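# Summary of the model geometry
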Amino acid sequence: METHVEVPRAWEQLAVERLRGTLLVIGAPDVGKTTFARYLYQRLCEAARCVAYLDGDPGQSTLGPPATIGLSVGVRGDAAFPPKGPSWRSFVGAVSPQGHMLPLLVGASRLERAARAQGVDTIVYDTSGLVDPGQGGLALKQAEIDLLRPSVVFAIQRAGELESLLVPLRWSSSVRVIDLCPAPLARQRDVAARQAHRAEGFARYFASPGGGGTWPVLMVDWGRLAVYPAPRFVLHGLLALEDRDGYTLGLGIVFDADFREKRVELYTPLNSLAGVDALRLGDLIVDPRTFRDHRLLAKHSGGAADSG
Ligand SMILES: Nc1ncnc2c1ncn2[C@@H]1O[C@H](COP(=O)(O)OP(=O)(O)OP(=O)(O)O)[C@@H](O)[C@H]1O
Ligand SMILES: [Mg+2]
């Protein structure tokens, strides 16, 4: 994220005091969704509202490591970003929603529930840029809308690419569509820049305290835990350690697995299994030296664009 943010007139003119409920920000890759969502979040905070920020992009994540989506609650009157209040994460298991739309939707619903339980009245939901109808993108946005029932959809489009989704919404009394143009300074990131950005995100997450060193490996007796979908551990596979409500307590990279002893060695910032109820295996390999990722399941990667 660049330090200088150009704030278009249309953003300044938003009457944020009237906005309540879930505010969904949608658009194709690189139109400036995250920059706008963050601006909106900060405006709402300045208006002394109890706001949460939902980072719904498992690729170019803002709040935490890639392959997860996350929610942080702001402290009333404090526009600091990332928000300083409590936060939760939910594991998607991949860095693109393609092939992982269900865990993305389930996670978004779970995170929204956490926000509501905190008494949050407004959630800014920044979504992934997957809107290509051929890849199921618009169907995913429709499902997000049907599930989360946003009060407002902020639609940032270049050339009508969201219109087939928006036309019926414009007739609905339950949701308001606010159209925005991409900010002139919004710039595109290519596949390599996206991969590098994700690697930085994983490196930050897995960095040991003080830097330089490595975490001790955590030994996990998986015979005592729920393992979803099944204990098929692969070298450098990414997994999540989850609590009993399905929230992610930490991520781990598989170093070794002993199938006879039902024991797996994980590289993880977690130093104990306190509160861990389950392991959830992703579809991603993360190199523990470079933190570059690639998909594990060939069936999902054949020819698909890397939209993460
Ligand atoms: N209003 C703005 N002022 C300055 N820079 C901007 C603005 N909007 C976007 N940018 C820059 O353009 C790039 C893409 O913006 P951003 O990450 O907000 O887009 P996005 O739609 O969220 O992308 P993605 O689909 O990857 O999530 C970033 O480098 C960001 O800093
Ligand atoms: Mg974004």
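Treat the numbers as computed from the prediction; the structure is a model and nothing was measured. (Residues numbered from 1 in each chain as written. Chains lettered and ligands numbered in written order. Predicted model: local features only at pLDDT ≥ 70, side-chain atom pairs only at ≥ 80, totals over all residues. Heavy atoms only, no water.)

The buried fraction of strand 4 (residues 87–91) amounts to 4 of the 5 residues, a majority that puts the element mostly inside the structure. Bridging between strand 3 (residues 68–73) and strand 4 involves 5 bridges; their strand directions are antiparallel. By the bridge assignment, Ile69 is partnered in strand 4 with Ser90. (Buried < 20%, exposed > 50% of the residue type's maximum accessible area, 1.4 Å probe, protein only. Helix = DSSP H or I, 4+ residues; strand = E, 2+ residues; numbered from the N terminus. Pairing = 2+ DSSP bridges.)

What the 7 strands build is an open sheet, ordered 4-3-2-5-1-6-7; its pairing is mixed. Two strands close off the open sheet at either side, each with one partner strand: strand 4 and strand 7 (176–180). For this sheet the average axis-to-axis angle between neighbouring strands, irrespective of direction, equals 15 degrees. Of the strand pairs in this sheet, strand 1 (residues 21–27) and strand 5 (residues 122–127) are connected by 5 bridges, and their pairing is parallel. The residue bridging Leu23 from the neighbouring strand is Val124, located in strand 5. (Axes fitted to C-alpha atoms, helices over the stretch in contact; angles between N-to-C directions.)

What follows is about unusual backbone geometry. Of note, the amide linkage connecting Phe81 to Pro82 takes the cis form, showing an omega dihedral of 0 degrees. At Lys262, a position not held by glycine, the phi torsion is positive, near 55 degrees. With respect to the helices and strands, Lys262 occurs in the loop between strand 11 (248–258) and strand 12 (263–267). Positive phi values are uncommon outside glycine, yet Phe291 reaches one of about 65 degrees. Looking at the element boundaries, Phe291 is found in the loop between strand 13 (278–286) and strand 14 (293–295).

For Leu40, the location among the structural elements is in helix 2 (residues 33–46). On the accessibility criterion, Leu40 (0% relative accessible area) is buried. Linking Leu40 and Phe291, residues 251 residues apart in sequence, is a C-alpha distance of 31 Å. Once residues within four sequence positions are removed from consideration, Leu40 is found in contact with Leu14, Val16, Leu19, Leu23, Val124 and Phe154. (Contact = heavy atoms within 4.5 Å.)

Let us look at the side chain of Lys141. By secondary structure assignment, the location of Lys141 is in helix 4 (residues 137–148). Lys141 gets classed as buried once you look at its relative accessible area, which sits at 0%. Apart from residues lying up to four places away in sequence, Lys141 is in contact with Ile26, Thr127, Ser128, Leu130, Val131 and Leu165.

A few words on the domain arrangement of the chain. Per the domain assignment, the segments of the chain are domain 1 (9–180) and domain 2 (191–301). On a C-alpha basis, the centroid separation for the pair domain 1 and domain 2 is 26 Å. Across the contact, 24 residues belong to domain 1 and 23 residues belong to domain 2. Summed over both sides, the interface of domain 1 with domain 2 buries roughly 1800 Å², with 60% coming from carbon and sulfur. Considering only the surface of domain 1 that becomes buried against domain 2, Gln60, Phe91 and Arg110 emerge as the three largest contributors, covering 35% of it. The interface formed by domain 1 and domain 2 holds 1 salt bridge in total. When the shortest N-O distance is used, the salt bridge between Arg194 and Asp30 registers 3.0 Å. Our enumeration of links across domain 1 and domain 2 arrives at 12 residue pairs in polar contact (both at pLDDT 80 or more). (Domains from an automatic or database assignment. Buried area = accessible area lost by both parts, 1.4 Å probe. Salt bridge = Lys/Arg side-chain N within 4 Å of Asp/Glu carboxyl O. Polar contact = N/O pair within 3.5 Å; in protein donor to acceptor, adjacent residues only side chain to side chain.)

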